[in-house]
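Commentary on secondary and tertiary structure
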Amino acid sequence: MTVLFTDRLWKKVRPIWKAYVEHPFVRGIGEGWLEREKFKHFMKQDYVYLIEYSRVFALGSAKAHDLQTMTTFANLLHETLNFEMELHRQYAKKFNISPEELEATEPSATTIAYTSYMLNVSQKGGIENVIAAVLTCAWSYNYVGQALAQWRGALEHEFYGNWVQTYSSEAFTQLANDCKDLMNEVADGKPEHELATLEDIVVNTSRFEYMFWDMAENITMWPTDKVEGVQQN
Ligand SMILES: Cc1ncc(CO)c(N)n1
């Protein structure tokens, strides 16, 4: 029996992804005690993250070799802009942040680093790089959402319940599965050195996801913000 490429990737990233669910920020969502200020920073940063992430899906459509792949990427783009980002717009409303203000969020160092990395590997490579760049995002959020959905009261929490519901939903699971299917399809028959390159992209994006949880937990923008005399935005 042939081993799926995503099974190989899972073995590699499992320790990093398990650390997400143990991260204080994620545990705070799942157990419902996370400080709202931390979540507010996260939602604003995640919104501008998702704008750049959407561009990566658009690149996927542009680089696709067949109409089916082109359509899958167009659908992922549509769902991100209209379904996932609607969650952020709803939370922003609760924080009294307008959609315009949300969109105008200054990206943090981690947000810039992560989105620039995804856009760079996607632009310099073929469709396989685009798929590897987005795989961790969709798959790991679905993994975290499904893990938290098992926690007592997480889905029903009056504030964080919507977040857990969204990422554990059937609709989001479908998006994650679409990305996994694309990855397995494109990896099929590729030589080991090319698979190793794709694996590196998935490991690096997994590391960036951890940094993103950390950035949210610590409400950070730039490390220089704590340097005396340096002007903040
Ligand atoms: C940082 C980050 N990674 C992945 C997702 C899932 O789309 C998200 N919303 N934010």
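Residues numbered from 1 in each chain as written. Predicted model: local features only at pLDDT ≥ 70, side-chain atom pairs only at ≥ 80, totals over all residues. Heavy atoms only, no water.

The name given to the chain in an unreviewed UniProt entry is Aminopyrimidine aminohydrolase, with Novibacillus thermophilus as the source organism. Of the comments in the UniProt record for the chain, the one headed Subunit (unreviewed entry) reads "Homotetramer." (UniProt positions renumbered as here; feature names shortened; annotations may be inferred.)

Here's the deal with the pattern of salt bridges
Side-chain pairs of opposite charge can arise whenever the charged atoms involved come near each other. According to the stated counting rule, one finds nine salt bridges in the structure shown. In this structure, the salt-bridge partner of E194 is K190, at a minimum N-O distance of 3.8 Å. E194 sits in the partly exposed class, given a relative accessible area of 31%. One salt-bridge network, in which partners are shared between bridges, spans R8, K12, E192 and E199. (Salt bridge = Lys/Arg side-chain N within 4 Å of Asp/Glu carboxyl O. Buried < 20%, exposed > 50% of the residue type's maximum accessible area, 1.4 Å probe, protein only.)

A short note on the UniProt feature "domain: Thiaminase-2/PQQC" (unreviewed entry) in the chain
Feature annotation in UniProt places "domain: Thiaminase-2/PQQC" (unreviewed entry) on residues 10-217, given in this structure's numbering. Segment residues 10-217 splits into 83% helix and 0% strand. End C-alpha atoms: 25 Å apart. (Helix = DSSP H or I, 4+ residues; strand = E, 2+ residues; numbered from the N terminus.)

A word on the site of the ligand
The ligand sits among D46, Y49, L50, Y53, E84, C137, Y141, Y167, E209 and F212. Within the side chain of D46, one N or O atom sits 2.5 Å away from a nitrogen atom of the ligand. Within the contact set of the ligand, a nitrogen atom lies 3.3 Å away from a side-chain nitrogen or oxygen of Y141. Summarising the interface, the protein chains cover 100% of the accessible area of the ligand, which totals 290 Å² for the free molecule. (Near = heavy atom within 4 Å. Polar contact = N/O pair within 3.5 Å; in protein donor to acceptor, adjacent residues only side chain to side chain. Areas by Shrake-Rupley, 256 points an atom, 1.4 Å probe, with all protein chains shown as cover.)

Details of the packing of helix 4 (residues 67-94) against helix 9 (residues 170-187)
With their axes 11 Å apart at the nearest point, helix 4 and helix 9 run at an angle of 150° to one another. Comparing their axes, helix 9 and helix 4 come out roughly antiparallel. Classified by chirality, the crossing of helix 9 by helix 4 is left-handed. Each of T69, T72, F73, N75, L76, E79, F83 and E84 in helix 4 lies in contact with helix 9, whose residues at this interface are A171, F172, L175, D178, C179, L182 and E185. (Axes fitted to C-alpha atoms, helices over the stretch in contact; angles between N-to-C directions. Parallel < 35°, antiparallel > 145°, perpendicular 65-115°, else oblique. Left-handed = near helix turned anticlockwise from the far one by under 90°. Contact = heavy atoms within 4.5 Å.)

Side note on the confidence of the model for the chain
Close reading of the predicted structure is inappropriate where its pLDDT is low. In this model, the chain carries an average pLDDT of 97, and 99% of its residues clear a pLDDT of 70 or more. Under the prediction, the complex receives an ipTM of 0.98, its pTM being 0.97. (pLDDT = per-residue confidence, 0-100.)

Concerning the environment of G32
Position of G32 among the secondary structure elements: in the loop between helix 2 (24-31) and helix 3 (36-63). With a relative accessible area of 18%, G32 lands in the buried category. Dropping the residues within four chain positions of it, G32 is found in contact with R27, H157 and Y160.

Let's talk about the environment of H41
Considering the arrangement of structural elements, one finds H41 in helix 3. Residues H41 and D214, 173 residues apart in the sequence, show an inter-C-alpha distance of 11 Å. When residues no more than four places from it in sequence are discounted, the contact partners of H41 are M215, A216, I219, T220 and M221.

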